[in-house]
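Architecture at a glance
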Amino acid sequence: MNRRAYNFNAGPAALPLEVLERAQSEFVDFRESGMSIMEMSHRGAIYESVHTEAQERLLSLLGNPKGYKVLFLQGGASTQFAMVPMNFLGQGQQANYVLTGSWAEKAVKESKLIGDTHIAASSEADNFMSLPNLDDISLSDNPAYLHMTSNETIGGIQFKQFPNTGSVPLICDMSSDILSRPLDVNQFGMIYAGAQKNLGPSGVTVVIAREDMITNSPKHLPTMLRYSTHTSNDSLYNTPPSFGIYMINEVLRWIQERGGLEGIQVQNREKAGLLYNAIDGSGGFYRGCVDAASRSDMNVTFRLESEELEKAFIKASEKEGFVGLKGHRSVGGLRASIYNAVPMESCKALVDFMEHFKQTHG
Ligand code: PMP
């Protein structure tokens with residue numbers, strides 16, 4: 001057995017070892033076809049069964065919400081930043097956004113290229129170190145939708161609740177916390193996520209949407225950028241990223257085997273609790289970056305007294321087999337991304353390392 005790193009990468013990120021091993025065992029000869037899944041037609045029965053299984057498993061994990069469909073797209077969550085306003089922002093309407101950090105900002109930037117864009121709530125005044133109060137959301141006169149980012153991967157803040165937007169569709173970028181906890185899909189018109197954190201390898205973007213939202217897209221849009229193209233072709237209009245979708249199916253199976261979203265949430269809370277306790281109990285040696293009530297269970301951001309000390313921390317951690325603890329280049333500091341597949345043992349090892357580093361550098 002090769003040594004596995006303590007992998008705290010922000011994405012692409014750790015995948016479950018069990019899934020990697022299963023993929024390895026099926027790699028060369030998939031379901032007795034004499035070829036890998038990457039070598040077979042996406043129009044054939046074997047691939048199609050994997051495709052359908054992945055869609056059904058995802059909806060099943062979400063409690064089989066009525067009237068929702070799953071799409072597998074490409075172009076990352078970043079393409080969704082543009083597709084959302086292109087498909088949903090009509091004449092005389094405004095695209096509404098909750099501004100919470102770097103990723104929400106990127107979504108807003110794309111929306112502004114398409115049309116009238118309104119910031120319905122923002123925590124920019126607090127430097128995105130906290131979540132805006134949901135009671136302060138102020139929609140425009142004729143809102144096409146409200147867009148939120150459930151978890152800001154760089155800043156490390158995460159919504160624990162979502163607003164009731166009535167007849168205005170709530171659209172959510174859940175790239176960095178999808179399937180990390182139970183979720184009432186019925187609150188949302190559409191959810192999307194790049195796969196590379198909680199779902200599988202990079203290259204697949206998952207969309208879960210109310211069918212009526214993705215059936216009649218504007219005809220003037222390029223074919224690939226219309227949701228309806230993918231809905232009516234069951235995400236097989238063009239060649240799908242078949243290996244990635246196979247991996248997602250296996251990750252979903254792995255989540256099911258761990259008690260579904262309730263089971264995963266228990267583990268995620270325990271892992272996050274461990275790290276935040278280590279930060280809060282360090283007597284100020286480690287400092288959490290964000291307001292405690294807004295903290296993310298997926299991306300734990302923290303700092304040390306000086307950048308020199310942070311550099312020393314990263315260097316020493318790498319020596320001990322830790323990977324990915326450097327904060328995003330735009331904000332600096334430290335970040336431990338602890339998605340579903342990061343094992344508890346990695347978090348315990350990190351807490352031990354943090355304690356040791358404090359004792360030797362405090
Ligand atoms: N939204 C969030 C919250 C993200 O964390 C990321 C990627 N880190 C993106 C969007 C962009 O995703 P992609 O790289 O798949 O375009």
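Each chain has its residues counted from 1, following the order in which its sequence is written. Owing to the predicted nature of the model, reporting of local features is limited to residues with pLDDT of at least 70; listing and counting of side-chain atom pairs is limited to 80 or more, with chain, interface and lining totals taken over all residues. By convention in this description, side-chain values take in all heavy atoms of the structure and omit both hydrogens and water.

Here the rule is simple: two strands pair whenever DSSP picks up at least two bridges between them. Counting from the N terminus, the helices are DSSP H or I runs at least four residues long and the strands are E runs at least two residues long. Here strand β3 (residues 94–99) runs beside strand β4 (residues 117–122); their pairing, made up of five bridges, is parallel. Paired with Val98 across the strands is Ala121, a residue of β4. Handedness of the β-α-β unit built from β3, helix α4 (residues 102–114) and β4 comes out right-handed. With the strands aimed away from the viewer, a crossover counts as right-handed if its path from the first strand over the helix to the second runs clockwise.

For the rest of this paragraph, the subject is the confidence of the model for the protein chain. Confidence scores here are pLDDT values: one per residue, from the predictor, ranging 0 to 100. Scored by pLDDT, the protein chain has a mean of 97; 99% of the residues are at 70 or more. Here strand β11 (residues 287–288) is the element of the protein chain with the lowest mean pLDDT, 96, and strand β8 (residues 170–173) is the one with the highest, 99.

Our focus in this paragraph is the sheet that holds strand β14 (residues 334–337). Remark on secondary structure: sheet strands pair via backbone hydrogen bonds, oriented parallel or antiparallel. Pairing is antiparallel across the open sheet formed by three strands, whose spatial order is β11-β12-β14. Lying at the two open borders of the sheet, with one neighbouring strand each, are β11 and β14. The pairing of strand β12 (residues 299–303) with β14 spans four bridges and is antiparallel. What sits directly across from Phe302, in β14, is Leu334.

Around the ligand, a shell composed of Gly76, Ala77, Ser78, Phe81, Trp103, Asn151, Thr153, Asp173, Ser175, Ser176, Gln196 and Lys197 is seen. Take Thr153: an N or O atom from its side chain is 2.5 Å from an oxygen atom of the ligand. The term polar contact refers here to a pair of N or O atoms within 3.5 Å; inside protein, the definition further demands a hydrogen-donor-capable atom paired with an acceptor-capable atom, and it admits residues adjacent in sequence only when both atoms are side-chain atoms. Here Asp173 contributes a side-chain N or O atom positioned 2.6 Å from a nitrogen atom of the ligand. Contact with the protein chains hides 85% of the accessible area of the ligand, taken as 390 Å² for the molecule alone. Top element by residues in the shell around the ligand is helix α3 (residues 76–88). It accounts for four residues. For this scheme, ten residues count as nonpolar: Ala, Val, Leu, Ile, Met, Phe, Trp, Tyr, Cys and Pro. Four count as charged, namely Asp, Glu, Lys and Arg, and the remainder, Gly too, count as polar. Residues that form the shell around the ligand fall into these classes: three nonpolar, seven polar and two charged. Here a residue is considered near a molecule or strand provided that any single heavy atom belonging to it is located within 4 Å of it. Per-residue and other accessible areas follow the Shrake-Rupley method at a 1.4 Å probe size, with only the shown protein chains counted as cover for residues.

Residues separated by three or four positions in an α-helix point in the same direction, a consequence of the helix having 3.6 residues per turn. To estimate the expected span of a helix, count its residues, drop one, and scale the result by 1.5 Å. Spanning 21 residues, helix α7 (residues 260–280) covers 30 Å between terminal C-alpha atoms, matching the ideal 30 Å at 1.5 Å per step. Only protein chains enter the accessibility calculation, which uses a 1.4 Å probe. A residue is then buried if its area is under 20% of the maximum for its type, exposed if over 50%, and partly exposed in between. Among the residues of α7, Gly260, Leu261, Gly263, Ile264, Gln265, Asn268, Lys271, Ala272, Leu275, Tyr276, Ala278 and Ile279 are the ones counted as buried. In what follows, a contact means two residues having at least one pair of non-hydrogen atoms within 4.5 Å. Buried-residue contacts for α7 involve α2 (45–61), α6 (242–257), β11, β12, β14 and α9 (344–361).

This part takes up the domain arrangement of the protein chain. An automatic or database domain assignment supplies the residue ranges for each domain. Splitting the protein chain by domain gives domain 1 (18–257) and domain 2 (259–361). Using only C-alpha atoms to locate each centre, domain 1 and domain 2 end up separated by 27 Å. Domain 1 puts 28 residues into the contact, and the matching count from domain 2 is 24 residues. What gets called buried area is simply the loss in accessible area from a 1.4 Å probe that two parts show on being joined, summed for both. Both faces considered, domain 1 and domain 2 share a buried interface measuring about 2100 Å² in area, 56% of it formed by carbon and sulfur atoms. Think of a salt bridge as a Lys or Arg side-chain nitrogen and an Asp or Glu carboxyl oxygen that are within 4 Å of each other. Taken together, domain 1 and domain 2 are joined by zero salt bridges. Inspection of the domain 1/domain 2 interface yields 15 residue pairs in polar contact (both at pLDDT 80 or more). Taken together, the elements giving at least two residues each to the side of domain 1 that touches domain 2 come down to β6 (151–152), β7 (157–158) and α6.

The biggest cluster of nonpolar side chains holds 53 residues, and the ones touching the most others in it are Phe162, Leu179, Leu199, Val206 and Ile208. The dominant element in this core, judged by the number of residues it contributes, is α6, at eight residues. The contacts of Phe162, once residues within four sequence positions are left out, are Leu134, Met148, Ser150, Leu170, Cys172, Met174, Arg181, Leu183, Gln187 and Phe188. Residues belong to one nonpolar core when they are buried, are Ala, Val, Leu, Ile, Met, Phe, Trp, Tyr or Cys, and are joined through side-chain atoms within 4.5 Å. By size, the runner-up hydrophobic cluster in this structure holds 28 residues, among which are Ala14, Val342, Cys347 and Ala349.

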